[in-house]
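Coordinates in review
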Amino acid sequence: MSDGDWYYAEPSQASGIIKTEWLKDGGQYYYLDPAADGKMLLGHFSVNGKSYYAKASGAVACREWVDVQDSVQDEPSKAFAGSDCSLCGALRNGKLFTSNGDGELVEAHGFVMLGGCKFYADSTDGSPCAGWKNVNGKWYFFDETAGYARSGWLYKDGSWFYLDPSTYAMKTGWVAVNGSWYYLNSSGYMQTGWLNLGATWYWLDASGAMATGWRVVDGSWNFFMANGARVSDYMDAKAQSYSSNTNWLILVDTSRCVTSIYTGSWNNWSLNRRYVCSTGKASTPTVIGEYQVYGKGYSFGHGYTCYYYTQFYGDYLFHSSPYYVNSNRVMDPTMGVPSSAGCVRLEIQNAKWIYDNIPYGTKVVTY
């Protein structure tokens, strides 16, 4: 400050060189007059044919109305400092005016743009709308002080709303913002907590963001798919923690005698099919661990024949029930209880499906 005037010295310059022209500091714009050795301007001023207004602090007005002396009438009116801070339009006796393209101001009707901001002039009295307004079935929110349409997140009356940045209309349903998904109900309110849509459950955290992956909710671990859907089945949830060298994954619950086959990838497996099976009995249990498919064959057996085997660890296989030698007569149809010599027995059509469709390298998890 010098003789009551403000200047700005570049902090990065050891010599303290005075900056001129536009300065952005703390989110505010200032204009430092190059014709006056960088003195900060106050009040009305012009730069390159555009008019601006700097408040008492020196900050240039932006997205707000500024008092001006209107040459068209004796009474004071206001001009709007747009998103680029330049003055445009007019507010006379509560009515909104905008340029007709020839430099003349005319009374506005309906939606108009001023300085990069969207306004709505009431059809009855020409006044700019403030607050919520339904236009052609869509809801908009106009700033209650300046009257321009708001966009992005809006906190109002204890709830969050989202206004489309391109159309300014209030959004409902699912909306993606900065990489996260949010759900806005039919009234536009952002939802939090548990959300049930079409029998599918979602969890929306305190910020409204949709949960994915493993989360502790109400003291318990839950798994949510990439699309946010909660996985209620324990086996399906367990599958999400595994990766596979292919886009297939097989899990075998040896105690419940269930084989589940998934498609997808780590953290995003979808159940493709589930079979009742027979796993190893207590004296010859099925191995427990993580393996991968590496061998296949049509049949094997001595005194019996098992068909369509898929090998995942040593002599441990997926294969059909045992049949009488080289026949189509089942020797032991037992399913749903541990009864094998350690392999995972399946009905023949299910063993064949795995044989035909599951590629080498597929992860197999037994537990």
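Further up the page is the structure itself.
Read on for a plain summary of the structure.

Conventions and cut-offs
- Residues numbered from 1 in each chain as written.
- Predicted model: local features only at pLDDT ≥ 70, side-chain atom pairs only at ≥ 80, totals over all residues.
- Heavy atoms only, no water.
- Pairing = 2+ DSSP bridges.
- Helix = DSSP H or I, 4+ residues; strand = E, 2+ residues; numbered from the N terminus.
- Salt bridge = Lys/Arg side-chain N within 4 Å of Asp/Glu carboxyl O.
- Buried < 20%, exposed > 50% of the residue type's maximum accessible area, 1.4 Å probe, protein only.
- Axes fitted to C-alpha atoms, helices over the stretch in contact; angles between N-to-C directions.
- Lys, Arg positive; Asp, Glu negative; His and termini not counted.
- Contact = heavy atoms within 4.5 Å.

Okay, the pairing of strand β11 (residues 110-114) next. Here five bridges tie β11 to strand β12 (residues 117-121), and the two strands are oriented antiparallel to one another. Paired with Leu114 across the two strands is Cys117, which belongs to β12. Linking β11 back to β12 in an antiparallel pair, the connection comprises two residues, with Gly115 at a positive phi of about 55 degrees.

Per the counting criterion, the structure on display carries 13 salt bridges. Of the charged contacts, one joins Asp236 and Arg274 as a salt bridge, the two residues approaching to 2.7 Å between their closest N and O atoms. Taken together, the residues span a long stretch of sequence, with Asp236 in helix α1 (residues 234-239) and Arg274 in strand β26 (residues 270-276) at a distance of 38 residues. A relative accessible area of 33% means that Arg274 is categorised as partly exposed. Taken together, the shared-partner salt bridges in this structure form one network comprising Asp233, Asp236 and Arg274.

So, about the sheet that holds strand β9 (residues 95-99). Strand order in the open sheet made by the five strands is β6-β7-β8-β9-β10, with antiparallel pairing throughout. The open sheet is flanked by β6 (64-68) and β10 (105-107), the only strands paired with a single partner. Taking the axes of each pair of neighbouring strands and ignoring which way they run, one obtains an average angle of 35 degrees across the sheet.

Assignment of secondary structure puts Asp33 in strand β2 (residues 28-33). For Asp33, which is buried and forms no salt bridge, the nearest opposite charge comes from Lys39, at a distance of 6.4 Å. Apart from residues lying up to four places away in sequence, Asp33 is in contact with Gly38, Lys39 and Leu41.

Any link to function would need more than the numbers given here.
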